[in-house]
Amino acid sequence: MEGNQILVQSEQSLIPGVQTLVIGQEFADVDTCRRAVKDMAIALHYELRVVKSDRSRFIAKCSKEGCPWRVHIAKCPGVPTFTVRTLHGDHKCEGVLNLHHQQATVGWVARSVEARLRDNPQIKPKEILQDIREQHGVAVSYMQAWRGKERSMAAVNGTLEDGYRLLPAYCEQIVKTNPGSVATYGGIGPGNAFQRLFVSFHASIYGFLNGCRPLLEIDKADLKGKYLGTLLCASAIDADHMMFPLAFGVVDSESDDNWNWFISELRKMLGVNTDKMPVLTILSERKRQVVKAVGSNFPTAFHGFCLRYVSESFLDEFKNTKLLNLFWSAVYALTASEFDAKVNEMMRVQDVMPWLQRFPPNLWAVSCFQGIRYGHFSLGITEILYNLSLDCHELPIVQAIEHIRHQLTCWFAERQNLAQSYNSVLVPSAEKLVSEAIHDSQCYQVLRANKVEFEIVSSERTNIVDTEARSCSCRRWQIYGIPCAHATAALLSCGEDPRFYAHDCFSVMKYRETYSQPIHPIPDRSHWSNSSPGLQGVASKADVMMLSPPNIRRPPGRPKMKILKIESMKRPKRIVQCGRCHLVGHSQKKCSLRSCDSYPH
């Protein structure tokens, strides 16, 4: 081989731009040799026919009759490498004259797309076949692209079946690397087919119990992968109105039993981690299974409707813009009398009583709901779940939970840095509300009844403020957790800073506490050991049995994807109501009635 250039090509790194073979060229093994010859045939646009291919030799020739091109590659004695022994390297044929190529198999597609798939797991088959056509000048079918992506996904992440097999060891790793976390799973049937999984990291549990308001959102998203399933989530809201996912679950189907199991695990987790279970406010779409499960496991919780869901139902029922505007005015009415007035206005337009009987106001109206929503009315977790389901539905279950863990880690890091940059008493969103209340409070006359009670007089009505009970007769302070303009006027009149009378959950100190605990990484699977007994939150070794995939399989054909309108996920616009004339649509500072500046302060 002296005088010839010898190239040793590994399976992982084929030298780009090499489109010819030379005698003496070496390959790491026979599989690398086959792939390299196939890649060169595609790059040079000729098709080859394999004459011999075994563990000791590879012989191929041009598929065109009469063309002399031929290569003989054989194993080198005593070493695993293969070398080009014989090469007739001149083609006398015209090559492939169309875009279709015999060597462009599903395996070749999988190798071609693997690098891009690592960067973008959501790449679509249409994008794959378009990329291959542009980069290689080869046309592949949609099914080739789809199967190539599936095979490449398995090479990068492991198979879906491997994910269920590895799940017990992965749950053990969660508990071992993040002490205080919960990771439980369950199977069903003689084959121990996967049924459900519940995961909550210690950092999330600690942050919820020590920093977040006692408010939870519960929702689900359907998975569209090979084995279907449903992604469940319980999420809190941090001090600055950002979603704070507390626990995730994956179940084989959305059933009464699975919902009850998920929420019972949530209850057990909170019960173990706190001496006194907080009285929760829970928001959901109040589906039958969820209502039943919440009632069984959190009997003292206040379970309210998501306002987006209720408003969509109202609009579907009446299809009347005027009625919808009145409905939102009724939603945000602070007192029962204001709510009744808005309902009477709706009744003059159309009879809404049958609808109100199906959707009782005590489950959605601000003035009637007995729990505290702290100004949060719609499910913000729905959009997060929707995006996660798109990211995870093709991944093995272990990689799906790892993707969620990575996302949580990023959120925690970003918000930890943000929290350290704040030098105020309250988080920015709460500071803004207090500043607005201070501005509006200038229009009020303050009469002090005693040490804690104040009478706040405006041109239209009087409100009573009790600073000790942290209440105002307008009810805004109690409902939103931040002093209203009346309470702010009373506090300022006696030299108090209203910021210190906001609920603790809006403080920067609580915000920092929410994100104070780290989410530790999970080691590579090569370091995982067999399950061992005695770990909290994961089944003991005696109970561990190999999990198999769920018995549910995706039906043939393209799955129907629910298109989620992102606009519908946005928080409903707050209805502004004037504190002077009580009309909707403007604030006191823009009110056309005479100013109350003449009142003494």
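Just so it is clear, the structure is predicted and the values come from calculations on it, not from any experiment.

Pairing between the strands of a sheet comes from backbone hydrogen bonds, and it takes one of two forms, parallel or antiparallel. What the four strands build is an open sheet, ordered 14-15-16-17; its pairing is antiparallel. Bordering the open sheet on either side are strand 14 (445-448) and strand 17 (471-472), each of which pairs with just one other strand. Inspection of the sheet shows strand 15 (residues 453-457) paired to strand 16 (residues 462-466) by five bridges, in the antiparallel sense. Bridge assignment links Ile456 to a residue of strand 16, and that residue is Asn463.

It is characteristic of soluble globular proteins that their nonpolar side chains tend to be buried jointly. Counting 89 residues, the largest nonpolar core has Leu167, Leu197, Phe208, Ile263, Leu266 and Phe298 as the members making the most contacts within it. Residue assignment places this core across two domains, with domain 2 (158-306 + 378-421) and domain 3 (426-506) each supplying three or more. Judged by nonpolar contacts, the second largest core, of 29 residues, contains Leu307, Trp355, Leu363 and Val366.

On to the packing of helix 15 (residues 428-440) against helix 17 (residues 485-493), then. Relative to each other, helix 15 and helix 17 sit at 75°, their axes nearing to 8 Å. Comparing their axes, helix 17 and helix 15 come out roughly perpendicular. Across the interface between the two elements, Ala437, Ile438 and Asp440 from helix 15 touch Ala485, Thr488 and Leu492 from helix 17.

Taken in spatial order, the seven strands make up an open sheet running 7-8-11-10-9-12-13, and their pairing is mixed. Each edge of the open sheet carries a strand with a single partner, namely strand 7 (182-188) and strand 13 (302-305). Going across the sheet, the axis of each strand differs from the next one's by a mean of 20°, ignoring polarity. Where strand 7 meets strand 8 (residues 193-200), seven bridges bridge the pair, whose relative direction is antiparallel.

With their axes 9 Å apart at the nearest point, helix 10 (residues 321-332) and helix 11 (residues 336-349) run at an angle of 165° to one another. When the interaxial angle is binned, helix 10 and helix 11 end up roughly antiparallel. Both helix 10 and helix 11 take part in a crossing whose hand is left-handed. For the pair helix 10 and helix 11, the contacting residues are Lys322, Leu323, Leu326, Phe327, Ser329 and Ala330 in the first and Phe339, Lys342, Glu345, Met346 and Val349 in the second. Here the residues of the contact of helix 10 with helix 11 sort into seven nonpolar, one polar and three charged.

What follows concerns the pairing of strand 13. Pairing analysis gives four bridges linking strand 12 (residues 281-284) to strand 13, with the strands arranged parallel. From the neighbouring strand, Ser284 faces strand 13, where its bridge partner is Phe305.

For the coordinates displayed, the defined rule picks out two cavities of 30 Å³ or more. Around the largest cavity, the lining comprises 22 residues; the ones closest to its centre are Tyr164, Leu223, Leu228, Leu395 and Ile397. Put simply, the parts of the chain that give the lining of the largest cavity at least two residues each are helix 5 (160-177), strand 11 (243-251) and helix 14 (397-421). Top contributing element to the lining of the largest cavity by residue count: helix 14, with four residues. Looking at side-chain class alone, the lining of the largest cavity contains 17 nonpolar, three polar and two charged residues. In this model, the second largest cavity occupies a volume close to 70 Å³. Lining the second largest cavity, in full, are Ile218, Asp219, Lys220, Glu254, Trp259, Ser284, Glu285, Arg286, Lys287 and Val290. For the lining of the second largest cavity, the element with the most residues is strand 9 (residues 215-222), which contributes three residues. Looking at the lining of the second largest cavity, its residues break down into three nonpolar, one polar and six charged.

For the chain, mean pLDDT is 82; residues scoring 70 or higher make up 83% of the total. The model gives residues 1-18 a pLDDT under 50, and that stretch makes 36 contacts with residues more than four places away or in other chains. Low pLDDT, under 50, characterises residues 563-573; the predicted model gives this stretch 19 contacts beyond four residues in sequence or across chains.

You can see Arg151 is positioned in helix 4 (residues 142-157). Residue classification places Arg151 among the partly exposed positions, given a relative accessible area of 48%. Along the sequence, Arg151 and Glu114 sit 37 residues apart, while their C-alpha atoms lie 9.2 Å from each other.

The rules behind the values
Residues numbered from 1 in each chain as written. Predicted model: local features only at pLDDT ≥ 70, side-chain atom pairs only at ≥ 80, totals over all residues. Heavy atoms only, no water. Pairing = 2+ DSSP bridges. Helix = DSSP H or I, 4+ residues; strand = E, 2+ residues; numbered from the N terminus. Core = buried A, V, L, I, M, F, W, Y, C linked by side-chain atoms within 4.5 Å. Buried < 20%, exposed > 50% of the residue type's maximum accessible area, 1.4 Å probe, protein only. Domains from an automatic or database assignment. Axes fitted to C-alpha atoms, helices over the stretch in contact; angles between N-to-C directions. Parallel < 35°, antiparallel > 145°, perpendicular 65-115°, else oblique. Contact = heavy atoms within 4.5 Å. Left-handed = near helix turned anticlockwise from the far one by under 90°. Nonpolar A, V, L, I, M, F, W, Y, C, P; charged D, E, K, R; others polar. 1 Å grid on protein atoms, 1.4 Å probe; cavity = no way out; pocket = protein on both sides within 12 Å on 5 of 7 lines; lining within 4 Å. Points joined across faces, edges and corners; volume = space filled by probe spheres on them. pLDDT = per-residue confidence, 0-100.

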